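Listed below are the residues making up each chain.
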Amino acid sequence: MPILEVKNIKKSFGPLEVLKQISFEVNKNDCIAVIGPSGSGKSTMLRSLVHLDELDGGSVSVNGNYIVKDGVYSKPQQVKQITSNMGMVFQHFNLFPHLTVIENLELAPKLLKQNDSAQTRQLSMELLEKVGLSDKADVLPSKLSGGQKQRVAIARALMRKPEILLFDEPTSALDPELTGEVLRVMKDLAEDDMTMVVVTHEMEFAKDVANKAIFMDKGEIVETGSPVDLLSNPQMERTKAFLSRTLSK
Ligand SMILES: Nc1ncnc2c1ncn2[C@@H]1O[C@H](COP(=O)(O)OP(=O)(O)OP(=O)(O)O)[C@@H](O)[C@H]1O
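Residues numbered from 1 in each chain as written. Predicted model: local features only at pLDDT ≥ 70, side-chain atom pairs only at ≥ 80, totals over all residues. Heavy atoms only, no water.

Asks: Just checking my understanding: could you explain the overall build of the chain for this structure?
Replies: Summing up its helical and strand segments, the chain has 9 helices and 11 strands in all. Scaling as 2.2 N^0.38, a compact globule of 249 residues should have a C-alpha radius of gyration of about 18 Å, and the chain matches this with 18 Å. Judged by the C-alpha coordinates and their principal axes, the chain covers about 55 × 45 × 35 Å. Expressed as a percentage of the 249 residues in the chain, the buried residues total 51%. Across the chain, contacts joining residues at least 24 apart in sequence account for 65% of those joining residues at least 6 apart. In the structure as shown, the chain presents an accessible area of about 12200 Å², 48% of it carried by carbon and sulfur atoms. The distance from the centre of the 30 positive side-chain charges to the centre of the 33 negative ones in the chain is 4 Å. (Helix = DSSP H or I, 4+ residues; strand = E, 2+ residues; numbered from the N terminus. Rg over C-alpha atoms; globule rule 2.2 N^0.38 Å. Buried < 20%, exposed > 50% of the residue type's maximum accessible area, 1.4 Å probe, protein only. Contact = heavy atoms within 4.5 Å. Areas by Shrake-Rupley, 256 points an atom, 1.4 Å probe, with all protein chains shown as cover. Lys, Arg positive; Asp, Glu negative; His and termini not counted. Charge placed at Lys NZ, Arg CZ, Asp CG, Glu CD.)

Asks: So what exactly am I meant to see when it comes to the sheet that holds strand β6 (residues 72-73) here?
Replies: Whenever strands of a sheet pair, they do so through backbone hydrogen bonds, lying parallel or antiparallel. Taken together, the 5 strands give an open sheet; going across it, the order is β2-β1-β4-β5-β6, and neighbouring strands pair in antiparallel fashion. Strand pairing shows two members of the sheet lacking a second neighbour, β2 (16-26) and β6, which therefore form its edges. (Pairing = 2+ DSSP bridges.)

Asks: Please explain the packing of aromatic side chains as it appears in this structure.
Replies: Note on aromatic pairs: each is described by the distance of the centres and the angle between the planes. By the definition in use, this model includes 0 aromatic pairs. Seen from the ring of Tyr66, Lys69 lies directly overhead, with NZ or CZ sitting 4.7 Å from the centre. (Phe/Tyr/Trp six-rings, centres within 6.5 Å; stacked < 30°, edge-to-face > 60°. Lys NZ or Arg CZ within 6 Å of the ring centre and 35° of its normal.)

Asks: Explain the pattern of salt bridges to me, please; I cannot follow it from the model alone.
Replies: Pairs may arise between side chains of opposite charge once their charged atoms sit close together. One pass over the structure, following the stated rule, counts 5 salt bridges. Between Asp30 and Lys212 there is a salt bridge, and its shortest N-O distance comes to 2.9 Å. Placement of Asp30 in the loop between β2 and β3 (31-35) and of Lys212 in strand β10 (residues 212-217) is noted, with a sequence separation of 182 residues between them. Judged by relative accessible area, which is 5%, Asp30 ranks as buried. As a salt-bridge pair, Arg121 and Glu106 come within 2.8 Å of each other at their nearest N and O atoms. Taken together, the residues Arg121 in helix α4 (residues 117-130) and Glu106 in helix α3 (residues 101-112) connect sequence positions 15 residues apart. Given a relative accessible area of 39%, Arg121 falls into the partly exposed group. Glu106 gets classed as buried once you look at its relative accessible area, which sits at 3%. (Salt bridge = Lys/Arg side-chain N within 4 Å of Asp/Glu carboxyl O.)

Asks: I keep staring at the side chain of Asp53 and nothing clicks. Help me out?
Replies: Position of Asp53 relative to the elements: it lies in the loop between α1 (42-49) and β4 (57-62). On the basis of relative accessibility, which here comes to 13%, the residue Asp53 falls in the buried class. Within the structure, the side chain of Asp53 is placed 3.1 Å from the side chain of Arg47, a separation counted as a polar contact. Ignoring anything within four residues of it in the chain, the contact list for Asp53 reads Phe13, Thr44, Arg47, Ser48 and Tyr73. (Polar contact = N/O pair within 3.5 Å; in protein donor to acceptor, adjacent residues only side chain to side chain.)

Asks: Teacher, can you tell me more about the site of the ligand here?
Replies: Neighbouring the ligand are 13 residues; Ser38, Gly39, Lys42, Ser43 and Thr44 lie closest to it. Contacts to the ligand include Glu169, whose side-chain N or O atom sits 2.9 Å from an oxygen atom. Per-element accounting of the shell around the ligand gives the leading share, 3 residues, to α1. Residue classes in the shell around the ligand are distributed as 4 nonpolar, 7 polar and 2 charged. (Near = heavy atom within 4 Å. Nonpolar A, V, L, I, M, F, W, Y, C, P; charged D, E, K, R; others polar.)

Below, the structure is given as structure tokens:
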């Protein structure tokens, strides 16, 4: 059974149909790159998986538990519980500026009283080490580079030990010289068999790290398959058309 199953999801903002009956599955250990031109609905699709955007129709389930089934949402408590199995990393980090790095990591577990504070501290230090920032535990986000902020955001998303990590263009807000350090952490996670869905414009990451690619255009999935095949096969007219649009952005 797939971990995450998305079936015929639909979403409009007013008259604009942003998602048109999208379906796909995420299996354990998949790293899926979601690629497509600006405005194709990638962020909306990702946000809808954790109920940050409300769908108009379709189904999303995690391990067979429905967040929404045929457009009808489960009870809020159940939605909360199911979505807690997914961690989200945003383009603009979304760190709390008045909290130190370690306080950013520990805020949610403390509010939810998930673990005792010694366990929480041990996990937060382990995760900061994993992203190479154990020396920054007590500094405020304003003292960090964009790449470091994003690595903190990744560590924070891992605090609840999610089964799936979702990334929404995690390097798009970074200066080019800072994208590498974030992509390396993401590659390490993929190599540790983390299940990931990554909205990205980084074609090299898609080719090197992802095992599957989903191409979206105008609210539809127009192509799926192995990223290497899709990105390097000159016969694939849609892929070429997509790439020329993206590269000319
Ligand atoms: N809250 C909103 N209200 C109205 N329209 C929205 C809202 N959020 C997104 N849209 C519109 O929905 C469409 C899809 O947006 P979305 O951000 O999902 O695309 P995207 O593929 O992620 O684009 P990008 O690569 O530029 O981030 C766009 O036309 C956008 O303007």
